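# A look at the structure
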Amino acid sequence: AQKVTQAQTEISVVEKEDVTLDCVYETRDTTYYLFWYKQPPSGELVFLIRRNSFDEQNEISGRYSWNFQKSTSSFNFTITASQVVDSAVYFCALSELTNTGNQFYFGTGTSLTVIP
Amino acid sequence: EAQVTQNPRYLITVTGKKLTVTCSQNMNHEYMSWYRQDPGLGLRQIYYSMNVEVTDKGDVPEGYKVSRKEKRNFPLILESPSPNQTSLYFCASSFRQLNYEQYFGPGTRLTVT
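A brief report on the enclosed structure follows.

Conventions adopted
Residues numbered from 1 in each chain as written. Chains lettered and ligands numbered in written order. Predicted model: local features only at pLDDT ≥ 70, side-chain atom pairs only at ≥ 80, totals over all residues. Heavy atoms only, no water. Contact = heavy atoms within 4.5 Å. Buried area = accessible area lost by both parts, 1.4 Å probe. Salt bridge = Lys/Arg side-chain N within 4 Å of Asp/Glu carboxyl O. Polar contact = N/O pair within 3.5 Å; in protein donor to acceptor, adjacent residues only side chain to side chain. Helix = DSSP H or I, 4+ residues; strand = E, 2+ residues; numbered from the N terminus. Pairing = 2+ DSSP bridges. Buried < 20%, exposed > 50% of the residue type's maximum accessible area, 1.4 Å probe, protein only.

To continue, consider the interface of chain B and chain A. On the chain A side, the residues contacting the 24 residues of chain B number 24 residues. Of the roughly 2000 Å² buried between chain B and chain A, counting both surfaces, carbon and sulfur atoms make up 57%. At the junction of chain B with chain A, the criterion picks out one salt bridge. For the interface between chain B and chain A, the tally reads six residue pairs in polar contact (both at pLDDT 80 or more). For the side of chain B that touches chain A, the secondary structure elements donating two or more residues are strand S4 (31-38), strand S5 (42-51) and strand S6 (54-57) of chain B.

Turning our eyes to something else, we now look at the environment of B:Asp56. Within the fold, B:Asp56 resides in strand S6. With residues up to four places along the chain from it excluded, the contact list for B:Asp56 reads A:Thr100, B:Tyr47 and B:Tyr48.

Our next topic: the sheet that holds strand S3 (residues 19-25) of chain B. All names here are of chain B. Across the sheet, which stays open at both edges, the four strands sit in the order S1-S3-S8-S7 with antiparallel pairing between neighbours. Both edges of this open sheet fall to strand S1 (4-7) and strand S7 (65-66), since each of them pairs with a single strand only. Here S1 pairs with S3 via four bridges, running antiparallel. The partner of Thr5 across the bridge, within S3, is Ser24.

What follows concerns the pairing of strand S11 (residues 101-106) of chain A. Residue and element names in this part refer to chain A. Counted residue by residue, S11 has six buried out of six residues, so it is predominantly covered. The pairing of strand S10 (residues 88-98) with S11 spans six bridges and is classified as antiparallel. Among the inter-strand pairings, Leu94 is bridged to a residue of S11, identified as Tyr105. Linking S10 back to S11 in an antiparallel pair, the connection comprises two residues.

Right, let's talk about unusual backbone geometry for a bit. Leave glycine aside and you will find that most residues have negative phi; peptide bonds, for their part, are mostly trans. Residue and element names in this part refer to chain B. Pro8 follows Asn7 through a cis peptide bond whose omega is -5°. With respect to the helices and strands, the residue Pro8 is situated in the loop between S1 and strand S2 (10-13). Backbone geometry at Asn28 places phi at a positive 60°, although glycine is not the residue there. Mapping Asn28 onto the fold places it in the loop between S3 and S4. Not every positive phi belongs to a glycine, and Glu53 is a case in point at roughly 65°. Locating Glu53 in the fold gives a position in the loop between S5 and S6. On the basis of relative accessibility, which here comes to 59%, the residue Glu53 falls in the exposed class.

Pasting the structure below:
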């Protein structure tokens with residue numbers, strides 16, 4: 001079973017619209033971390049945010065905001081007033097601690113296209 | 001400049017011909033990891049290493065080997081590549097603690113014919 005599910009494969013929005021990217025995760029651990037990464041058309045992976053399992057505070061960074069809800073095992077990402085430069089594939093990831101380190105699980109990604 | 005480097009960036013090879021993709025970081029990170037990215041499947045972890053001589057399997061280790069003899073290097077070895085290993089490979093590194101984000105290399109596009 002997928003440990004990280006990003007059900008939205010592709011999303012298209014018109015510039016300046018708000019858009020929310022969904023992420024649902026599955027873990028039995030009490031300590032874990034969640035991440036969002038951005039992969040623009042150029043291909044590199046860019047870190048956006050990390051959140052630990054004990055911190056359910058929402059976070060806002062400019063036009064980006066994240067909503068972490070343990071009750072629903074979700075870590076959703078909202079872009080406000082989207083811009084063309086936001087067009088990219090966005091990955092949600094879960095990190096669990098093992099005896100030998102951290103094992104990471106990525107979702108399948110959501111491809112966002114912002115239309116000018 | 002802090003970075004993760006991978007070589008080669010592009011490689012076309014034939015089935016069964018052993019190859020190594022190198023990964024090196026200059027940030028003194030303890031943790032290093034390899035991923036493969038395939039359309040519709042996202043990134044999947046192949047192997048990870050918490051420190052020198054400490055490695056473990058990720059989600060899709062079959063057909064791959066790694067070694068961690070030095071802190072800065074984490075090569076990915078394909079002893080007998082097969083066409084299903086055609087993929088985009090990323091190396092990443094981070095500090096040891098769980099809450100540190102990973103820095104990714106630029107990727108290596110491998111084609112096995």
